[in-house]
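Spelled out from the first residue to the last, the chains are:
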Amino acid sequence: MDRQRQLPGLLMPGSLSRYAQILRFVLRYRRAGIFRQEDASQAAPVVDRPERFVADLERLGPAFIKLGQALSGRPDLVSASYLSALEKIQNDVDAVPVEAIRETIRHELGAEPEQVFLRFDGQPLAAGSLAQVHAVTLRDGTDAAVKVRRPGIEQRIRTDLDILERIAHGFQRHTAMGAPLWRGAVDRRVAQKPAQ
């Protein structure tokens, strides 16, 4: 079954406000001059827009922070002012409370951190958008670091990517720029469908 048919007709309960939040973000920056191939005369002339774009990416969370980090390495695609702002995107974010990290370790490893490790430091060495790192001492006395995913991160990213796919699908299907792409995709799908 192709991906378009897998998308449910309705959003999951609780994701409608997230959908609205992401859609507002997409609409706010759709003609912001982020990409090099955009017509600069159509871009909104806001001086601090690149910095606001990065702040909004960070506010939207892990999937968007990763998107910003990926864009920061693409000078061939991203205009210079946005590239400069994106290079500053934070890799270090607020730490998850230690009790949530302890719960993740209990769930994943089936035991308290102190049962798994000789020593577990509740103060993180670093916190990123997807995980944070804690110093531990292994049972054999070796000092090490353990990277623990943020609780619920997989579902949050999955939800955000599904929402982005829905938005892209809608733009592709219902905008002047996307309609030819949509028709082309439908034509290709029909041409590839085996005769019955």
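The structure we're discussing is the one just above.
Report follows, based on the coordinates. Numbering of residues starts from 1 in every chain and runs along the sequence as written. At least 70 in pLDDT is required for a residue's local features to be given in this predicted model, at least 80 for side-chain atom pairs to be given and counted, and no such filter applies to totals for whole chains, interfaces and linings, which use all residues. Note that the side-chain values use all heavy atoms of the structure and ignore hydrogens as well as water.

**Observations concerning the overall build of the protein**
So the rule is basically this: By the criteria applied, helices consist of DSSP H or I runs no shorter than four residues and strands consist of E runs no shorter than two, each listed in order from the N terminus. Only the protein chains shown count as cover for residues, with accessible areas throughout obtained via the Shrake-Rupley method and a probe of 1.4 Å.
Summing up its helical and strand segments, the protein has nine helices and four strands in all. Listing the helices and strands of the protein from first to last along the sequence gives α-α-α-α-α-α-α-β-β-β-β-α-α. Accessible surface computed for the protein: about 12500 Å², of which carbon and sulfur atoms make up 56%.

**What to know about the packing of aromatic side chains**
Note on aromatic pairs: each is described by the distance of the centres and the angle between the planes. Counted only if it meets this: A pair of Phe, Tyr and Trp rings is counted when the ring centres sit within 6.5 Å of each other, with Trp represented by its six-membered ring. The angle between the planes then sorts it: under 30 degrees is stacked, over 60 is edge-to-face, the rest tilted. Only protein chains enter the accessibility calculation, which uses a 1.4 Å probe. A residue is then buried if its area is under 20% of the maximum for its type, exposed if over 50%, and partly exposed in between.
Taken as a whole and judged by the stated rule, the model has five aromatic pairs. Measuring from ring centre to ring centre gives 5.8 Å for Phe25 and Phe64, while their planes differ by 75°; the resulting arrangement is edge-to-face. Here the residue Phe25 occupies a position in helix 2 (residues 16-29), and Phe64 occupies one in helix 4 (residues 62-72), the gap between them amounting to 39 residues. Comparing Phe25 with Phe64, the two get one shared label, buried. The rings of Phe25, Tyr29, Phe53, Phe64 and Tyr82 are connected pair by pair, giving a single aromatic cluster.

**Structural notes on the pattern of salt bridges**
Spelled out, the test is: Basic side-chain nitrogens of Lys or Arg form a salt bridge, by our definition, when they fall within 4 Å of a carboxyl oxygen of Asp or Glu.
According to the stated counting rule, one finds 11 salt bridges in the structure shown. Asp56 is paired through a salt bridge with Arg28; the nearest N and O atoms lie 3.0 Å apart. Pair noted here: Asp56 is in helix 3 (residues 49-60) and Arg28 is in helix 2, with a separation of 28 residues, a long-range link. Notably, a salt bridge pairs Arg149 with Glu154, separated by 2.7 Å at the nearest N-O pair.

**Here we look at the nonpolar core**
The cut-off we apply is this: Among buried residues, the Ala, Val, Leu, Ile, Met, Phe, Trp, Tyr and Cys ones that are joined through side-chain atoms within 4.5 Å form a nonpolar core. We call two residues in contact when some of their heavy atoms are within 4.5 Å.
Judged by nonpolar contacts, the single largest core of 21 residues is most densely connected at Phe25, Ile34, Phe53, Leu57, Phe64, Val78 and Leu86. At the level of elements, helix 2, helix 3, helix 4, helix 5 (80-86) and helix 8 (153-174) are the ones that each hand at least two residues to this core. In this structure, Phe25 is in contact with Phe53, Asp56, Leu57, Leu60 and Phe64, ignoring residues within four places of it in sequence. The next biggest cluster of nonpolar side chains, apart from the first, holds eight residues, and it includes Ile101, Phe117, Phe120 and Val146.

**Notes on the packing of helix 2 against helix 3**
Going by this rule: Only the stretch in contact is used when a helix axis is fitted, and all axes are lines through C-alpha atoms; the angle between N-to-C directions ranges over 0 to 180 degrees. Orientation categories follow fixed angle ranges, with anything under 35 degrees roughly parallel, anything over 145 roughly antiparallel, 65 to 115 roughly perpendicular, and all other angles oblique. Left-handed describes a crossing in which the near helix is turned anticlockwise from the far one by less than a right angle; the clockwise case is right-handed.
Running from N to C, helix 2 and helix 3 cross one another at 165°; their axes reach a closest spacing of 11 Å. By the angle class used here, helix 2 and helix 3 are roughly antiparallel. As for how helix 2 packs across helix 3, the hand of that crossing is left-handed. From helix 2, Arg18, Gln21, Ile22, Phe25, Arg28 and Tyr29 reach across to helix 3, where they touch Arg49, Arg52, Phe53, Asp56, Leu57 and Leu60.

**A look at the packing of helix 3 against helix 4**
Closest axis-to-axis distance for the helix 3/helix 4 pair is 5 Å, and the angle between their directions is 140°. On the basis of their axis angle, the class for helix 3 and helix 4 is oblique. Residues Leu57, Glu58 and Leu60 of helix 3 pack against Pro62, Phe64, Ile65 and Gly68 of helix 4.

**Things to note about the pairing of strand 4 (residues 143-149)**
The condition that has to hold: In this scheme, strands are said to pair when DSSP sees at least two bridges between them.
One ladder, built from seven bridges, connects strand 3 (residues 131-137) with strand 4; its direction is antiparallel. By the bridge assignment, Ala135 is partnered in strand 4 with Ala145. Linking strand 3 back to strand 4 in an antiparallel pair, the connection comprises five residues, with Gly141 at a positive phi of about 95°.

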